[in-house]
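Geometric and topological summary
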Amino acid sequence: MRAIHCPTLYRRLAAVLLATLAAGCGEVWNDPYPAAERGRNILYSAFTQRPKHLDPVQSYSEDEATFLYQIYEPPLQYHYLKRPFQLNTAAAAQMPVLRQFDAAGKLLPPDADPAQIARSEYEITIRPGIRFQPHPAFAVDAKGQPLYLALTDKDLADKRALGDFPATGTRELTADDFVYQIKRLAHPRLHSPVLELMGDYIVGLKDLHTKLAADEKQRNADGKGGAWIDLRDYPMEGVEVVDRYTYRIHIKGTYPQFPYWLAMPFFAPVPVEADRFFAQPGMAERNLTLDWWPIGTGPYMLRENNPNARMVLARNPNFRGEAYPCEGEDDDKAAGLLADCGKPIPFVDEVVFTREKESIPYWNKFLQGYYDASGVSSDNFDQAVQMGGQGDVTLSDEMVEKGIKLNTSVAPTVMYMGFNMLDPIVGGTSERARKLRLAISIAIDQEEFISVFQNGRGVPAMHPIPPGIFGYKADESGVNHEVYDWVDGQPRRKSVDEARRLLAEAGYPGGRDAKTGEPLVVNLDTTGGGMGDKSTVDWLTKQLRKLDVQLVVRATDYNRFQDKIRKGNAQLFYWGWNADYPDPENFLFLLYGPQGKVKSQGENASNYENPEYDRLFERMKAMPDSPERAEIIQRMLTILQHDAPWVWGMYEKAYTLQHGWLYNRKPGKIIRNTLKYQRVDVAQRERMRAEWNKPMVWPLALVALLGVAMVAPAVAHYRRRERSAAAEK
């Protein structure tokens, strides 16, 4: 065995040390993205909940809207910078033309009394020349026939994503594509969450659903269930194609909020080719569906769909083109939001979303520059934000040093705990159940929750309508007098003693059933994060312990939670609503009886019904903003406060952070197609990432030196023994 001489050992250790130090120079070791993405024009973001539906006929959740609004382009959109929110054209060439008629078919003036209007007609003309994204559904052979129809199991054996189909095609968008999607709202297998609501307005939509459901039942009886339904074969009275680029939608009576719906993906175009392509046998088993792979005309298309880990949007090469806006609010120019006036959008080539289930890794990656923007959670609030003595909010020194910017806004959002009104204990219209709901509403201290868990970023809710929406009042007239007293010009939550009195009157003195003596147990269903985390659960348990009521929290993932709500299997649940459009109807319909979740798969998750409330809602929804409308809304809110179908939670204050290399980001939750406006200074981001993520090589050098110090004496001792043995010989 040949010994290693000490000088040789030292030289080798030194070489290793030098190599380690050299490797650290100019190299970022902790970059979570593939090396091929470095230096590319990519915006990096994150998502926490996996999207369940990406088919525009079914999707209605905020986590899904993040993706869907970038892919689909409905007729209208909101102006990105103007406030109050203002509708503008998207796929439409001009704003829809509204015509209103009386019962005799006579054309009425624009300011006609709503009571006279029997039918409204919206005529929409779309821009010529818009083309769909490249897609295999449009691929054709040399004879012009569809290339990927009548596919066999063998054809699909190696197909798991759209990229597995080598050929793609496209075609021009036409009015037929918009009409086809409206008919899809009535599809019996798709269960659109807006079918019930839109069926009350769009002429013939419910009749079409009835016809389609009857035919589907017959097909099932004939053993032909599940086959593709060609909706072109089904006429519908309420939609008509005028010409290649023009179509009309007929509305029962009047519905002033309908143009807002024309800015939502429910009314974005879906081509019949895609519907037919994905309906082929064997497709759904491979996640080859519109629900997984949307197809649109918008600025981006979905290139990668791994909802457990990563979603990637890529620039749509067929996008019609659009210019960045040149007008906004008074302070937008000073904020740099008009610097890109008139430039073509979108600015970034790709948007990469990584799933982050925990807030701390999300936050740390943002600080390292690996996410371009971030929210501000309770875990990192103190690190990010400083609160002044007058309640003013500023960034911490650490954030300022990094060039991070803060955006704040009052979000058109309401967070609430809903009672399932179908539940035999907390639901129903009895005084017993109502007083139980009020007792719980008083006991749960929303002010404390906002202070402890939201760092003050919220306003206690009095009813469903948030600040900034018509019908909201900040004075005494807007207070929920069932839960609050008005003291010294401020609302003050009623005492726990009042809550205990109501609980006793409900038949649960001391938190026990007066008849059986059994303790009252209330079940809260929620998702794992937010209201489902341990600290919040402990706090909620403490709140109900004031009444000696036991709380059991049942946390599930979001998809399972949605299923439980859909089937009415929850008792008390925590949820929220972001406005689809800036009108009180969009909040008050959440408690409209015909929108019941169990009854019609609508958005009334509490399954609340009150005939007087519903009657007032039907009057209010068709009215323009006016003192009369405000009076009706106040009566509706009084009914809700009395019946207490929700524990009125809070209205959110939104805080978001962005790095200095991200431009054109303006808060406004109603506007969701925002990615096309945002721009990234890639070179600056690369420099900052390298500066903030320099490898820490000195620990490795220290380990190497310690290795030399530890090994050298042993080697020297071994060497001396070798020499002694050689001398004895």
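This one's a predicted model, so the numbers in the text were calculated from it and none came from an experiment.

1. Topic: helix α13 (residues 446–453)
If you check which residues of α13 are buried, you get Q446, F449, I450 and F453. Take α13 and look down its axis: the buried residues cluster within an arc of 100°, on one side only. Tucked into the core, α13 has its buried residues touching β18 (458–460), β20 (490–493), α15 (534–545), β23 (572–578) and β24 (646–658). Its side-chain oxygen 3.2 Å from the backbone nitrogen of E447, D445 forms the N-cap of α13. Positioned one or two residues after α13, N455 has a phi angle of 55°, which is positive.

2. Focus: the environment of Y608
Relative to the helices and strands, Y608 resides in the loop between α18 (597–600) and α19 (611–620). Setting aside chain neighbours within four positions, we find Y608 in contact with M421, L591, Y592, G593, Y613, I639, L640, D643 and P645.

3. Overview of the environment of L98
Assignment of secondary structure puts L98 in strand β4 (residues 97–101). Leaving out residues up to four positions away in the same chain, L98 has contacts with S120, E121 and Y122.

4. Details of the pairing of strand β1 (residues 42–47)
Taking burial as the measure, the 6 residues of β1 include 6 buried ones, the bulk of the element. Where burial is concerned, the two faces of β1 agree: the one with I42, Y44 and A46 and the one with L43, S45 and F47 are both buried. As paired strands, β1 and strand β13 (residues 350–355) are joined by 6 bridges and run parallel to one another. Bridge pairing in β13 places I42 opposite E350.

5. A closer look at the sheet that holds strand β5 (residues 107–108)
A sheet is described by the order of its strands in space; here 5 strands give the open sequence β5-β4-β6-β8-β7, paired in antiparallel fashion. Of all the strands in the sheet, the pair left with one neighbour each is β5 and β7 (239–243). As judged from the 5 bridges shared by β4 and strand β6 (residues 119–125), these two strands associate in the antiparallel manner. In the strand pairing of β6, R99 is matched with E121.

6. Focus on the sheet that holds strand β10 (residues 310–315)
Spatial strand order, β1-β13-β10-β9: 4 strands in an open sheet with mixed pairing. Of all strands in the sheet, those bounded by a partner on one side alone are β1 and β9 (300–306). The mean inter-strand angle of the sheet, taken between neighbouring strand axes irrespective of direction, is 20°. Two elements, β9 and β10, share 6 bridges in a ladder whose sense is antiparallel. Residue pairing across strands places Y300 opposite R315, the latter belonging to β10.

Rules used in this analysis
- Residues numbered from 1 in each chain as written.
- Predicted model: local features only at pLDDT ≥ 70, side-chain atom pairs only at ≥ 80, totals over all residues.
- Heavy atoms only, no water.
- Buried < 20%, exposed > 50% of the residue type's maximum accessible area, 1.4 Å probe, protein only.
- Helix = DSSP H or I, 4+ residues; strand = E, 2+ residues; numbered from the N terminus.
- Arc of directions from axis to C-beta.
- Contact = heavy atoms within 4.5 Å.
- Polar contact = N/O pair within 3.5 Å; in protein donor to acceptor, adjacent residues only side chain to side chain.
- Pairing = 2+ DSSP bridges.
- Axes fitted to C-alpha atoms, helices over the stretch in contact; angles between N-to-C directions.

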